[in-house]
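# Residue-level structure breakdown
What follows is each chain in one-letter form.
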Number of protein chains: 4
Amino acid sequence: MKAAVIGGTGYSAIELIRILHHHPYVELETVVSHSKTGNELQDIYPHLTSIMQTPLTGLDVEEICHTAEVVFFATPSGISKDLLPGFLNKGVTCIDLSGDFRLKSRESYEKWYHHEAAEESYLNQAVYGLSEIYSEQIRKSSFISNPGCYPTATLLALLPAVQKGLLNNQSIIIDAKSGVSGAGRGLSLGTHYGEINENLRAYKLGAHQHIPEIEQILQHESGNPVTISFSTHLVPMTRGIMCTIYADMNSFKTTKEMIELYEAYFEKHPFVRIRKEGTLPSTKGVYGSNYCDIGFYADERTGRLVIVSVIDNLVKGASGQAVQNLNILKGWDETSGLLHVPMYP
Amino acid sequence: MKAAVIGGTGYSAIELIRILHHHPYVELETVVSHSKTGNELQDIYPHLTSIMQTPLTGLDVEEICHTAEVVFFATPSGISKDLLPGFLNKGVTCIDLSGDFRLKSRESYEKWYHHEAAEESYLNQAVYGLSEIYSEQIRKSSFISNPGCYPTATLLALLPAVQKGLLNNQSIIIDAKSGVSGAGRGLSLGTHYGEINENLRAYKLGAHQHIPEIEQILQHESGNPVTISFSTHLVPMTRGIMCTIYADMNSFKTTKEMIELYEAYFEKHPFVRIRKEGTLPSTKGVYGSNYCDIGFYADERTGRLVIVSVIDNLVKGASGQAVQNLNILKGWDETSGLLHVPMYP
Amino acid sequence: MKAAVIGGTGYSAIELIRILHHHPYVELETVVSHSKTGNELQDIYPHLTSIMQTPLTGLDVEEICHTAEVVFFATPSGISKDLLPGFLNKGVTCIDLSGDFRLKSRESYEKWYHHEAAEESYLNQAVYGLSEIYSEQIRKSSFISNPGCYPTATLLALLPAVQKGLLNNQSIIIDAKSGVSGAGRGLSLGTHYGEINENLRAYKLGAHQHIPEIEQILQHESGNPVTISFSTHLVPMTRGIMCTIYADMNSFKTTKEMIELYEAYFEKHPFVRIRKEGTLPSTKGVYGSNYCDIGFYADERTGRLVIVSVIDNLVKGASGQAVQNLNILKGWDETSGLLHVPMYP
Amino acid sequence: MKAAVIGGTGYSAIELIRILHHHPYVELETVVSHSKTGNELQDIYPHLTSIMQTPLTGLDVEEICHTAEVVFFATPSGISKDLLPGFLNKGVTCIDLSGDFRLKSRESYEKWYHHEAAEESYLNQAVYGLSEIYSEQIRKSSFISNPGCYPTATLLALLPAVQKGLLNNQSIIIDAKSGVSGAGRGLSLGTHYGEINENLRAYKLGAHQHIPEIEQILQHESGNPVTISFSTHLVPMTRGIMCTIYADMNSFKTTKEMIELYEAYFEKHPFVRIRKEGTLPSTKGVYGSNYCDIGFYADERTGRLVIVSVIDNLVKGASGQAVQNLNILKGWDETSGLLHVPMYP
């Protein structure tokens, strides 16, 4: 199966390219880069020398539709909403890694993203690609809106409990921490080495565009309105997201009970790993891999549940999950091309 | 004024020594190190070469009482509880940086620290050295129990609101993040470079010994029982603590109102700096300095207040505050020897 | 083919286990750990949860010889010299990642390693497993002494020029820099996070045990005595080695000429990549992979050649090359199980 | 004494401002920033909140000449060559931290800096401010060209031996490593966190503009032409430079002899510290301070001397030395305002 990647020189794209390189059923045919057209991938990313000589091309929709069966959009927000329909309408499978089709409400998108939203008909078609939760819908779709990195870590950690009504939905607080690669390869003072190294920074409190994405799914799955507190922090490391989640339990369950519940829930989902009682996940435990590790602490003193969830933001938080969705959609083994052992140390 | 430091080769001690070196009124006379007796400081810490030739000595209580007017205890927990009374009883001013005299309840100490507690009479004498809050008591005391690093960052951020009854005390959640120097210089897998670099780790959930310390003060200041959620995370950096604090407001106040309230509260306290609306603190903003920077986000959507508080764990979180307490106790300017500009970048 | 790893909980071992997990022809049957017998791998290394349930066993030579066709020794120096002969004599293929069989001279080993050396007969049997240079000998052997990390980066960079007599052998200076994982998982102040982060340290000048290893090969390949300057530095990062090598050229060759010469030399060796003129390698370009990237600068001003060579110390510098050697020895494709794309960023 | 800083928002400037803040004899009156005119320093650098309310102003030569007795130029190369004469001619003491007046040869400047050079008459007036070596000339001057960071670390390490003719000048090789702050606060892919963290990079081999600066001084002090090999590497840390220097000795001296020679040479220079035999400096040993630590290894096997020299690139490598030069020039104690204890850890 031939694939194209649009937006080919960002960090998500390059991670997608790394994963697809070893995929048993996919061949990467075209890499489109607006800013680097005419170069080869290895000129921009020398680590790919002798591995890929792929030229970076300009966007030729006709040509791509002709050669590719699936197109991944690894573009900044505001691009794929206009671009993707042209591919979709020609029967090409589309997987969008940007936020353009995640929010069902145009109003909400425009409030949080500060762009014009995509057309409603396309918003309605897009299946939210949280692989473990929506595999049924993904299987039947040819248009996936891949979840954001924070929502992936958050929702996998919350949904089993929320679906069962175990938590007070209005009490949910998510303290999220991310490595710097989540901010992409674009230059900014906020990703300048001297500003970030040996520094820990809180940012975008109450303003992060992943808030409505998380709330939309929590509301849909609980059937009730949910308003979350969600804070983001930039950690001096390249990869990794950790979400520490706090919620009041409607009736107290022990750590052990929560673990059993989650183990059962994710029994057939190899990429979610539940940590043993008394241990907690760390981001390095999933480094470079598609795993999401989740640990629990049910606090008898406060009656609160604390869930700690980690992913590699570029893999399960972006490109790995995109490939996982393609696997599901195509009926391949969900883990095809994704069984990297986390790199440690 | 002559000073002695006991426990002289840990990170807090060495930071204390750095600060005292430039203190206008204090002369460091004796550095006691159990494990390194017979060496010079500069053998253990080559960065002190040509700055200090201080020999590391064994413990000689008589001799120290004879020469020193103030003794700092930078010992691991469980040491000063036995050692300190011997100095105190001879009229020496004692400042304890360990946790041995922070908890008024012996039972609580023994539950959280897993040692036998200090004698009740000494627990009762010790003044809790949160400088900005208890300066009155510090001024009259000669025995200070210096606060823990996390409690310092947490309590400065919470007390103005808690004292005024603005928060639902049972809703307080503290998501705390620390650099690795907080774990000291002792070797452990948890401070081994390969395990920590490019990694973010949650640890000791619900079990950190700073929990009862924070609750004791919050209860005392609010007059009501307070049970907190408190989670700790290890961040791949050397210095810095950030506490992100969540609490329901009893009646909503805006970010601006909170800022004004805190600015007024800390008006005469130069080491607490309130960040402007729309900005949040980062640990590097206080690097190597005695400042505590506090920022606010009052979330209209949830009715919750988010407070972000940062300190350098080795300075305001340990040795800097110890010196600040000495300054207060002696009636010197509170900032003597402590006006280091934060090091940036 | 069944394999055993002895010394199974060090960083080299765990990297070997990661690589073998995806190897098409090898099945890891036994992992021996002296210190962790009775645990499972995933207890010690949680990132392996659900990937490997391998129990860590004590050493049972009989049993291993019965089940394994190849044994990897990832033990500290001084262990395999006594242990390995027992396996070798029973016809098991042995690949030693320690330094015990690298030096042909017992005297030299004892001088640099401060242990008693292995028996001469075994030293004579061991083939030095620098894969690209000694593939002929490796192919015929069943006992490989895997090169050190620094020697791998240095010798691949030097041998083509040295074999052709292009350099003044007495002028060779190697300024080597390594990430911290090279020092292993054992605790020491020199690998304590607070001492290493945001620090650059020179160590073991003129005393590193890789000096005689490099000289032995350079002498053998040049036919003349070679004495090198070799300095090592610890860089605040986990993985990666860079050797910056300086040598006087016997007659000046341009950067372009050197590149052409090396490209021809390594034409059939996919793991050595020669950088284009005007570009230089960086350690991240080979992160997590078995590549060795080499760049050149021929300095007309000084008549000196500068070669910059990088590897991932745990892969090409240890476990990856060990697997490459097994591939060669067994007649499999040299790259089997080793075509990881470097992880970037 | 009143001072002005031009180029006030770069990392060198901000470090200069930190140092001047505690200087006993200098008051910082004016900070000129082209790009940030109209802001306050604390808006750009929040760590200065409550410490400095200094407004950033546009350039008004008249006004500055009226108020300031000394002007520091912390501008990018190519600026002060045009700007500085206007101040100098009005009798203002000028200290230039850029490279504009370091090279006496206009031709050389234009070759290495790719700008037009300053006027010859000003090049001739400028005194090269390597404080320990040229204090006599500095004392009599009012126009100092402050040395580059690499040249400072290199020349302090080499000059005592070169002046005595102990080294083969044509054999000198300098392998230099720097933290990232040396590249300033300007955005570039080469200072983007994701590209630098967990990476070690060689750059600008044979092309660094500090090469002619080092050679000019070595030639001047030895009386003979000197051509050096000089390689630069970017290390994933914020502050610190290490130069590892190799040179053939004309007649062999032991490590001990070299140490004695250097200790005598720098006896009256408190900022140069010679490490004991068997120990080597690390960058963290001088972190945030004006010290230059130098260690030696005289290699009997090769007859070569290895010198390891470290500085904090922003202090002794830039702003600290600028203040040291001002102290010398004004006849104040050389260490005024500069006795910061290195920050450790």
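Residues numbered from 1 in each chain as written. Chains lettered and ligands numbered in written order. Predicted model: local features only at pLDDT ≥ 70, side-chain atom pairs only at ≥ 80, totals over all residues. Heavy atoms only, no water.

### Description of the packing of aromatic side chains
Two aromatic rings, taken as a pair, are described by how far apart their centres are and by the angle between their planes. Under the defined criterion, the tally for this structure stands at 46 aromatic pairs over all chains. Aromatic side chains Tyr150(A) and Phe230(A) sit 5.5 Å apart centroid to centroid with 80° between the ring planes, which places their arrangement in the edge-to-face category. Residue Tyr150(A) is located in helix α8 (residues 149-163), and its partner Phe230(A) is located in strand β10 (residues 229-234); the two are separated by 80 residues in the primary sequence. Of the two residues examined, Tyr150(A) and Phe230(A), each falls in the buried class. Taken together, Tyr262(A), Tyr265(A), Phe266(A) and Phe296(A) form an aromatic cluster joined through their ring pairs. Directly above the aromatic system of Tyr287(A) lies the positively charged group of Lys284(A), at a separation of 5.7 Å from the ring centroid. Above the face of the Tyr291(B) ring, Arg273(B) is positioned so that its terminal group lies 4.1 Å from the ring centre. (Phe/Tyr/Trp six-rings, centres within 6.5 Å; stacked < 30°, edge-to-face > 60°. Helix = DSSP H or I, 4+ residues; strand = E, 2+ residues; numbered from the N terminus. Buried < 20%, exposed > 50% of the residue type's maximum accessible area, 1.4 Å probe, protein only. Lys NZ or Arg CZ within 6 Å of the ring centre and 35° of its normal.)

### Some points on the UniProt feature "domain: Semialdehyde dehydrogenase NAD-binding" (unreviewed entry) in chain A
Per the UniProt record, "domain: Semialdehyde dehydrogenase NAD-binding" (unreviewed entry) is found at residues 2-141 of chain A. End C-alpha to end C-alpha, residues 2-141 of chain A measures 18 Å, and it is 36% helix and 16% strand. (UniProt positions renumbered as here; feature names shortened; annotations may be inferred.)

### Concerning the pairing of strand β4 (residues 70-73) of chain D
Strand residues, when the strand is regular, have side chains that alternate between the two faces of the sheet. Residue and element names in this part refer to chain D. Here β4 shows a buried face lined by Val-70 and Phe-72 and a second buried face lined by Val-71 and Phe-73. As defined by bridge partners, strand β1 (residues 2-6) adjoins β4 across four bridges and the pair is classed as parallel. Bridge pairing links Ala-4 to Val-71 in β4. As paired strands, β4 and strand β5 (residues 93-96) are joined by four bridges and run parallel to one another. In the strand pairing of β5, Phe-72 is matched with Ile-95. As a crossover connection, the stretch from β4 through helix α4 (residues 80-88) into β5 is right-handed. (Pairing = 2+ DSSP bridges. Right-handed = clockwise from strand over helix to strand, strands pointing away.)

### A closer look at the packing of helix α1 (residues 11-21) of chain C against helix α12 (residues 315-330) of chain C
All names here are of chain C. Following both chains from N to C, one finds α1 and α12 inclined at 45°, their axes separated by 9 Å at the closest point. Comparing the axis directions of α1 and α12 gives the class oblique. Crossing geometry of α1 relative to α12 is assigned as right-handed. On the side of α1, the interface is formed by Ser-12, Glu-15, Leu-16, Arg-18, Ile-19 and Leu-20, while α12 contributes Val-315, Ala-318, Ser-319, Gly-320 and Val-323. Residues belonging to the contact of α1 with α12 are distributed by class as follows: six nonpolar, three polar and two charged. (Axes fitted to C-alpha atoms, helices over the stretch in contact; angles between N-to-C directions. Parallel < 35°, antiparallel > 145°, perpendicular 65-115°, else oblique. Left-handed = near helix turned anticlockwise from the far one by under 90°. Contact = heavy atoms within 4.5 Å. Nonpolar A, V, L, I, M, F, W, Y, C, P; charged D, E, K, R; others polar.)

### What about empty space enclosed by the protein?
Summed over the entire model, instances satisfying the criterion amount to three cavities of 30 Å³ or more. Considering only enclosed or pocket space, the largest cavity measures out at about 90 Å³ in volume. The wall of the largest cavity is formed by 14 residues, among which Asn197(A), Asn197(B), Asn197(C), Tyr193(D) and Asn197(D) lie closest to the centre. Of the residues assigned to the lining of the largest cavity, the class counts are nine nonpolar, four polar and one charged. Estimated volume of the second largest cavity: approximately 50 Å³. As for the second largest cavity, its lining consists of Leu205(A), Gly206(A), Ile211(A), Ile228(A), Ser229(A), Phe230(A), Ser231(A), Tyr297(B), Asp299(B), Arg301(B) and Val306(B). The element best represented in the lining of the second largest cavity is β10(A), accounting for three residues. (1 Å grid on protein atoms, 1.4 Å probe; cavity = no way out; pocket = protein on both sides within 12 Å on 5 of 7 lines; lining within 4 Å. Points joined across faces, edges and corners; volume = space filled by probe spheres on them.)

### Brief notes about the interface of chain A and chain C
Each partner contributes residues to the interface: chain A has 36 residues there, and chain C has 36 residues. In this assembly, chain A packs against chain C so that about 2900 Å² is buried in total across both faces, 61% of it on carbon and sulfur atoms. The interface formed by chain A and chain C holds two salt bridges in total. Two residues, Asp43(A) and Lys276(C), come together in a salt bridge whose shortest N-O distance is 3.1 Å. Remark: the boundary between chain A and chain C carries 12 residue pairs in polar contact (both at pLDDT 80 or more). The dominant element in the side of chain A that touches chain C, judged by the number of residues it contributes, is helix α1 (residues 11-21) of chain A, at five residues. (Buried area = accessible area lost by both parts, 1.4 Å probe. Salt bridge = Lys/Arg side-chain N within 4 Å of Asp/Glu carboxyl O. Polar contact = N/O pair within 3.5 Å; in protein donor to acceptor, adjacent residues only side chain to side chain.)

### Digging into the UniProt feature "active site" (unreviewed entry) in chain A
Residue and element names in this part refer to chain A. The residues that UniProt annotates with the feature "active site" (unreviewed entry) are Cys-149. Of note, Cys-149 is situated in helix α8. Here Cys-149 falls in the buried class, since its relative accessible area comes to 14%. With sequence-adjacent residues up to four places away left out, Cys-149 is seen in contact with His-210, Ile-241, Ile-311, Asn-313 and Gly-317.

### Quick look at the relation of the copies chain A and chain C
When chain A is fitted onto chain C, the two copies agree to an RMSD of 0.0 Å after a turn of 180° and an axial shift of 0.0 Å. Accordingly, the operation relating the two chain copies is best matched by a two-fold axis. Rotation axis and chain A: the residue whose C-alpha lies nearest the axis is Glu198(A), separated from it by 4.0 Å. (Least-squares fit on C-alpha atoms with pLDDT ≥ 70 in both.)

### Side note on the sheet that holds strand β13 (residues 292-299) of chain A
Residues and elements named next belong to chain A. With respect to topology, seven strands assemble into an open sheet ordered β9-β10-β8-β11-β14-β13-β12, the strand pairing being mixed. With one partner strand each, in any of the chains shown, β9 (201-203) and β12 (272-274) form the two edges of the open sheet. Adjacent strand axes in the sheet meet at a mean angle of 20° when their direction is disregarded. Note that strand β8 (residues 173-178) and strand β11 (residues 241-248) share six bridges and pair antiparallel. Considered in β11, the bridge of Lys-177 is made with Met-242.

### Some points on the relation of the copies chain A and chain B
Expressed as a screw operation, the relation of chain A to chain B combines 0.0 Å of axial shift with a rotation of 180°, fitting to an RMSD of 0.0 Å. Comparing interface residues between copies, 100% of those in chain A also sit at the interface in chain B, which points to an isologous, same-surface contact.

### Notes on the packing of helix α8 (residues 149-163) of chain B against helix α10 (residues 210-222) of chain B
All names here are of chain B. At a minimum axis distance of 10 Å, the contact between α8 and α10 shows a crossing angle of 20°. As the angle between them shows, α8 and α10 are arranged roughly parallel. Here the hand of the crossing between α8 and α10 comes out right-handed. Mapping the contact onto sequence places Cys-149, Tyr-150, Pro-151, Thr-154, Leu-155, Leu-158, Leu-159, Val-162 and Gln-163 in α8 and His-210, Glu-213, Ile-214, Ile-217, Leu-218, Glu-221 and Ser-222 in α10. Here the contact of α8 with α10 is composed, by residue class, of 10 nonpolar, four polar and two charged.

### Some points on unusual backbone geometry
Geometrically, the link from Tyr344(A) to Pro345(A) is a cis peptide bond, its omega value of 0° lying close to zero. Looking at the element boundaries, Pro345(A) is found in the segment after α12 (315-330). Its identity is not glycine, yet His114(B) carries a phi of approximately 60°, on the positive side. Position of His114(B) relative to the elements: it lies in the loop between α5 (106-113) and α6 (120-125). The class of His114(B) is exposed, set by a relative accessible area of 65%.

### Observations concerning helix α11 (residues 255-265) of chain C
All names here are of chain C. Here α11 has its buried residues at Thr-255, Met-258, Ile-259, Leu-261 and Tyr-262. Buried residues in α11, looked at end-on, bunch into an arc of 165°, giving them a common side. Among the structural elements, α8 (149-163), β12 (272-274), β13 (292-299) and β14 (304-311) are those in contact with the buried residues of α11. (Arc of directions from axis to C-beta.)

### Structural notes on the interface of chain A and chain B
Across the boundary between the two partners, chain A contributes 49 residues, which contact 49 residues of chain B. For the pair chain A and chain B, the summed buried surface comes to about 4000 Å²; carbon and sulfur atoms form 54% of the total. If you sort the residues of chain A by the area they bury against chain B, Glu198(A), Leu200(A) and Arg301(A) come out on top, with a joint share of 19%. For the interface between chain A and chain B, the tally reads four salt bridges. A salt bridge links Glu215(A) to Arg301(B); the nearest nitrogen and oxygen atoms lie 2.4 Å apart.

### Quick look at the domain arrangement of chain A
All names here are of chain A. Splitting chain A by domain gives domain 1 (2-125) and domain 2 (150-313). On a C-alpha basis, the centroid separation for the pair domain 1 and domain 2 is 27 Å. Counting residues at the interface gives 13 residues for domain 1 and 14 residues for domain 2. Of the roughly 1100 Å² buried where domain 1 meets domain 2, counting both sides, 53% is carbon and sulfur surface. Three residues, Tyr-11, Arg-102 and Trp-112, lead the burial of domain 1 against domain 2; their summed loss comes to 53% of the area buried on that side. Remark: the boundary between domain 1 and domain 2 carries two salt bridges. Salt-bridge contacts for Glu-213 lead to Arg-102; the nearest nitrogen and oxygen are separated by 3.2 Å. (Domains from an automatic or database assignment.)

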